[in-house]
Amino acid sequence: MKNKKTSGITLISLVITVIILLILASIATYSGIEVVKSSNVTAFTTELKILQTNVDKIRSQKQSFDETEGESIQTGSARYNELVERLKIVKDYGYSDDAGSIAGYKFFSEQQLMDNLNIEGVKQSVFINLEKRKVISLEGVRYQNQKVYVLEQLPNNLYNVEYKGQESSNKPTFDVTIKETIENEQWQVNIINVQYAGDIEKWDVYYKKANSNDWRVGRQGYFSLPEIGEYKIKLVNGDIQSEEVSIKATTLASTRLKAGDYVKYIDKTDKNIVLYDKKYDIQNGTNYGIQTITPNPTTAKVEIGNGTGAARDGLAYNNAVATTTKNSYNNAIKRLNDEAQKYLNTKYESSIRCVGSVPDKPYSESTNMYVAPSKYPHMSNYNNTLKDGDTNREIDYEQMKKLEISKAENNQTYWLASRGVWIQSPENTTTAIYFIVYNIWENTGEINDRNICYVVSSASMSTRSYSWGIRTVSTLKPEVKVSGGKGTSEEPYILEI
């Protein structure tokens, strides 16, 4: 009788198959867990970097949170105990757990971060010390079998230096790039090319205003400066510090300066005031550029009139003094603008003029010669010998009045590059006709129509002579930058090329 073979899976084969499946399952499970852990660390790091960037920005604007922002932490409360517990863990990473430091923290939930600080994209609660720029997670994240609550507990969170295998007494060196972001009115600073002959992988970056002792911490490979000025930057790791590197956050004058701002050149002490700005051009359809005016007239005087320094009356129309006076009156606009050219600073300024002239065409003036109405026969010899009046002064004067700067700060009278003709009132056949070069009168800041000469009914001319300074108006070159200051009289904006 023959034995029959039984087909199917033996017990041993079944056991082996089950073991293999269990091993594969455990590998897949472990891999899945590690992926979840890695994604958790990534999310934690990203969120704390978002928070740190925003905290640095807020700190640049104020030293502490408002009462309505976040929750104060009461001594002995649950939040207080949670904070103390975490500070003890991160104490070795530059976080202090003394009473003064603890008092500086406030608690923020995810919702409070959005509602109070407009910070989105963060799905955790945190403790924040604004003055110290410290951010501590409430929940934390597990990394390499330990709980992490701050960025400093993670590797490579700041700046890496190539490993050289030895410590060094040399100081670290680095380069800095800076770029202005016009839309945010901030300057992004990047630390690059860090070099140090030693085994150090992390550096803190400190920065401050050049004239300040308030060092701040930049937390990432780049950080933002909130305002123009000169800054100092250094790298720090314990007792090791780099030399301080100077940078300047600058912006084009055309984007920063506003009418009424005070400015000064970096290599000069005298201040000017912005008379016309970019906004003025946009609103009025002009192309004046950035023009600044001196707050006071020049100490050097410009004489306009008969040249004698005194009044001379009863002169015939062809008298030598009368002729000198007429020429002085006719050439007044050119004379005043020519005087202004002596003060042109070619390093910063593209042009200069006397105030009261046309802002973009200072030498322009009426080509018409004055002809009196026929009812004034005593003017017959003077018709077509004296220039007609103009409206040159009106643009500058209106702007100066608007900015409340028409009166010189030293209360001195000064010329306007503008002429006028005035007929005595009430009019009759004996009316005198006056020829004027305008000025701004001392103490009042108002236009004064002091005449240079006038013709009376006897057909004789009376003449005068006046000597006053001028206020110059300069147009800045397009490449001029603002590198410091606040635009006030006490702290004018600093201008440089």
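None of the values given here were measured: they were computed from a predicted structure.

This next bit is on a positive patch on the surface. A cluster of basic side chains, namely Lys 258, Lys 278, Lys 279 and Lys 402, defines a positive patch on the protein surface. Structurally, Lys 402 is set in helix H9 (residues 393-403).

Overall, the coordinates contain 14 aromatic pairs when judged by the stated rule. On the basis of an interplanar angle of 80° and a centroid distance of 5.7 Å, the ring pair of Tyr 329 and Phe 435 is categorised as edge-to-face. Of this pair, Tyr 329 sits in helix H7 (residues 320-330) while Phe 435 sits in strand S23 (residues 433-440); the two residues are 106 residues apart in sequence, bridging distant segments of the chain. Each member of the pair, Tyr 329 as well as Phe 435, carries the same accessibility label: buried.

Moving on to the pairing of strand S22 (residues 414-423). Most of S22 sits out of view: seven of its 10 residues are buried. Sheet analysis places S22 next to S23, joined by seven bridges and oriented antiparallel. Within the sheet, the bridge partner assigned to Trp 422 lies in S23 and is Tyr 434. Across two bridges, S22 lies against strand S27 (residues 465-470) in parallel orientation. Its bridge partner being in S27, Tyr 414 is matched across the sheet by Gly 469.

What follows deals with the sheet that holds strand S2 (residues 105-108). Pairing is antiparallel in the open sheet, where four strands are placed in the order S1-S2-S3-S4. Lying at the two open borders of the sheet, with one neighbouring strand each, are strand S1 (71-72) and strand S4 (134-137). As paired elements, strand S3 (residues 126-129) and S4 share four bridges and run antiparallel to each other. Paired with Val 126 across the bridge in S4 is Ser 137.

Cut-offs applied
Residues numbered from 1 in each chain as written. Predicted model: local features only at pLDDT ≥ 70, side-chain atom pairs only at ≥ 80, totals over all residues. Heavy atoms only, no water. Patch = residues over 30% accessible without salt bridge, like charges linked within 9 Å, V, L, I, M, F, W, Y side chains within 5 Å. Areas by Shrake-Rupley, 256 points an atom, 1.4 Å probe, with all protein chains shown as cover. Salt bridge = Lys/Arg side-chain N within 4 Å of Asp/Glu carboxyl O. Lys, Arg positive; Asp, Glu negative; His and termini not counted. Charge placed at Lys NZ, Arg CZ, Asp CG, Glu CD. Helix = DSSP H or I, 4+ residues; strand = E, 2+ residues; numbered from the N terminus. Phe/Tyr/Trp six-rings, centres within 6.5 Å; stacked < 30°, edge-to-face > 60°. Buried < 20%, exposed > 50% of the residue type's maximum accessible area, 1.4 Å probe, protein only. Pairing = 2+ DSSP bridges.

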